[in-house]
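# Understanding the architecture of this molecule
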Amino acid sequence: MEPAPAQRASAEPNSAPGGAVDPQTWVQRYGDLLFGYALLRVRDRTVAEELVQECFVAALEAKDRFLGGSTEQTWLVGILKHKLLDHLRRRSRQPASADQDAGLEDFDKRGLWRVRVNAWSDDPQARLENEAFRNALNGCIGGLPNTHAVAFILREIDGMQSEEICTLLEISPTNLWARLHRARLGLRRCLESKWFQR
Amino acid sequence: MIDFIRQLNAPCRDMTEYVSRSLDSELTRSQRAAVQVHMLYCRACRRYRAQVRMLRALLAERPDAPEILAEAANLHLDPATKDRIIALLRERSNPPKPDNGQ
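Rules used throughout
- Residues numbered from 1 in each chain as written.
- Chains lettered and ligands numbered in written order.
- Predicted model: local features only at pLDDT ≥ 70, side-chain atom pairs only at ≥ 80, totals over all residues.
- Heavy atoms only, no water.
- Helix = DSSP H or I, 4+ residues; strand = E, 2+ residues; numbered from the N terminus.
- Buried < 20%, exposed > 50% of the residue type's maximum accessible area, 1.4 Å probe, protein only.
- Contact = heavy atoms within 4.5 Å.
- Areas by Shrake-Rupley, 256 points an atom, 1.4 Å probe, with all protein chains shown as cover.
- Salt bridge = Lys/Arg side-chain N within 4 Å of Asp/Glu carboxyl O.
- Polar contact = N/O pair within 3.5 Å; in protein donor to acceptor, adjacent residues only side chain to side chain.
- Nonpolar A, V, L, I, M, F, W, Y, C, P; charged D, E, K, R; others polar.
- Axes fitted to C-alpha atoms, helices over the stretch in contact; angles between N-to-C directions.
- Parallel < 35°, antiparallel > 145°, perpendicular 65-115°, else oblique.
- Core = buried A, V, L, I, M, F, W, Y, C linked by side-chain atoms within 4.5 Å.
- Disulfide = S-S within 2.5 Å.
- pLDDT = per-residue confidence, 0-100.

## Description of the overall build of chain B
The helix and strand inventory of chain B stands at six helices and zero strands. Its helices and strands taken in sequence order, chain B reads α-α-α-α-α-α from the N to the C terminus. For chain B, the proportion of its 102 residues judged to be buried stands at 45%. The contacts in chain B between residues at least 6 apart in sequence include a share of 49% that link residues at least 24 apart. Only carbon and sulfur atoms are counted for the fraction: they give 52% of the accessible area of chain B, which is about 6,100 Å².

## Observations concerning the environment of Gly 103 of chain A
Residue and element names in this part refer to chain A. Within the secondary structure layout, Gly 103 lies in the loop between α5 (97-100) and α6 (131-142). Taking the relative accessible area as the measure of exposure, Gly 103 reaches 8% and is therefore buried. For the pair Gly 103 and Arg 182, spaced 79 residues apart in sequence, the C-alpha to C-alpha distance is 4.7 Å. With residues up to four places along the chain from it excluded, the contact list for Gly 103 reads Arg 182 and Leu 185.

## Observations concerning the pattern of salt bridges
Using the criterion set out here, one finds 20 salt bridges over all chains in the structure. Here Glu 17 of chain B makes a salt bridge to Arg 21 of chain B, at a shortest N to O gap of 3.8 Å. With Glu 17 of chain B and Arg 21 of chain B both in helix α2 (residues 12-22) and four residues apart, this pair spans about one turn of that helix. Across this residue pair, the class does not change: Glu 17 of chain B and Arg 21 of chain B are buried. Residues participating in the shared-partner salt-bridge network are Glu 105, Asp 106, Arg 188, Arg 189 and Glu 192 of chain A.

## Quick word on the interface of chain B and chain A
Chain B puts 47 residues into the contact, and the matching count from chain A is 66 residues. On inspection of chain B and its partner chain A, the count reaches eight salt bridges. For the interface between chain B and chain A, the tally reads 26 residue pairs in polar contact (both at pLDDT 80 or more). Here the side of chain B that touches chain A takes twelve residues from helix α4 (residues 43-60) of chain B, the largest share from any one element. Here the residues of the side of chain B that touches chain A are counted per class, giving 24 nonpolar, seven polar and 16 charged.

## Thoughts on the environment of Val 47 of chain A
Residue and element names in this part refer to chain A. You can see Val 47 is positioned in helix α3 (residues 45-62). For Val 47, a relative accessible area of 19% translates into the label buried. Each C-alpha atom, one on Val 47 and one on His 87, is 9.0 Å from the other, the two residues being 40 residues apart in sequence.

## Observations regarding the packing of helix α9 (residues 173-196) of chain A against α4 of chain B
The interhelical angle for the contact between α9 of chain A and α4 of chain B, taken along N-to-C directions, is 90°, at an axis separation of 10 Å. The orientation of α9 of chain A with respect to α4 of chain B, classified from their angle, is roughly perpendicular. Judged by residue contacts, His 181, Arg 184, Leu 185, Leu 187, Arg 188, Leu 191, Glu 192 and Phe 196 of chain A of α9 of chain A engage Tyr 48, Gln 51, Val 52, Met 54, Leu 55 and Arg 56 of chain B from α4 of chain B. When the residues that make up the contact of α9 of chain A with α4 of chain B are grouped by side-chain class, the tally is eight nonpolar, two polar and four charged.

## Here's the deal with the nonpolar core
With 35 residues, the main nonpolar core has Trp 26, Leu 34, Phe 56, Trp 75 and Leu 76 of chain A together with Leu 89 of chain B as its most contacted residues. Every element with two or more residues in this core is listed here: α2 (23-42), α3 and α4 (72-90) of chain A together with α6 (79-93) of chain B. Broken down by element, this core gets its largest block of residues, eleven residues, from α3 of chain A. Excluding its chain neighbours within four sequence positions, the residues that come into contact with Leu 34 of chain A are Val 52, Cys 55, Phe 56, Leu 76, Val 77 and Leu 80 of chain A. The next biggest cluster of nonpolar side chains, apart from the first, holds 28 residues, and it includes Leu 40, Leu 187 and Leu 191 of chain A together with Met 54 of chain B.

## A look at the state of the cysteines
Residues and elements named next belong to chain A. Applying the stated criterion across every chain yields a total of one disulfide over all chains. Here Cys 140 pairs with Cys 190 through a disulfide, and the sulfurs are 2.0 Å apart. A torsion of -75° about the S-S bond marks the disulfide between Cys 140 and Cys 190 as left-handed. One end of the pair, Cys 140, is in helix α6; the other, Cys 190, is in helix α9, and 50 residues separate them in sequence. Here Cys 140 falls in the buried class, since its relative accessible area comes to 2%. Look at Cys 190 and you get buried, because its relative accessible area is 17%.

## Describing the confidence of the model for chain B
On average, residues of chain B carry a pLDDT of 89, and 92% of them reach 70 or more. Of all the helices and strands in chain B, helix α1 (residues 2-8) of chain B carries the lowest mean pLDDT, 78, while α2 of chain B carries the highest, 97.

Encoded structure:
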């Protein structure tokens, strides 16, 4: 028998934004997730901590405007995302000379593959629901050079349009495509060795 | 036409860049045609294309992928930082009454 909708709703504890907020519960419940979200994208612990703090402060001020249309977690991630984009916009353009040449190691001087590219079987375990796969994917993204990883996360995980990313990072489309190309090559290589060749 | 002939001879490194770029933007007609011809005989590039498409598909099937991956990163705020944020939020939610020393 299906549980009554009211019971199902109450099964999910929600500290009712708009009502009283217990800062301790908030920070304990969501602090690590928000920190992980920020750190994956800015790759600097101090900056990530500041962004999480700004996010909580903004959430506290805006809690009356939370209408309960999403979960509290999604609402907080949305606020953090705004803070993060502001940060990326404010940050002066960073030259990526060190990353420029990275990522093309799989090709020889003539530009031909120097590694074997294997066919990935349609693995039902290769899903975000699968913890081992999530960890492999996160590990591989974490191993990419910073500028490649950030481009990949904004494009493929956050689903931003190329034009938005170029504006945000103050880079040309050609530069973005080069970063994404190298990120995809790096991830492909890493996932092939860490997952698809198990 | 000259573009097409030059692109037709482009090596796998460039072809994989076109394949990657096709996920983010429109290729020119000659680039698209060059990729199609290259794919006819290059198995490694065909596999690369299947792999990057698969990566995109599996990230796209979960709209909450950003949250899932952030949680899975298993990163932790330093306890001292947590305490500092909690203290700041308490201060902001219960601002101390102005003390005018009377």
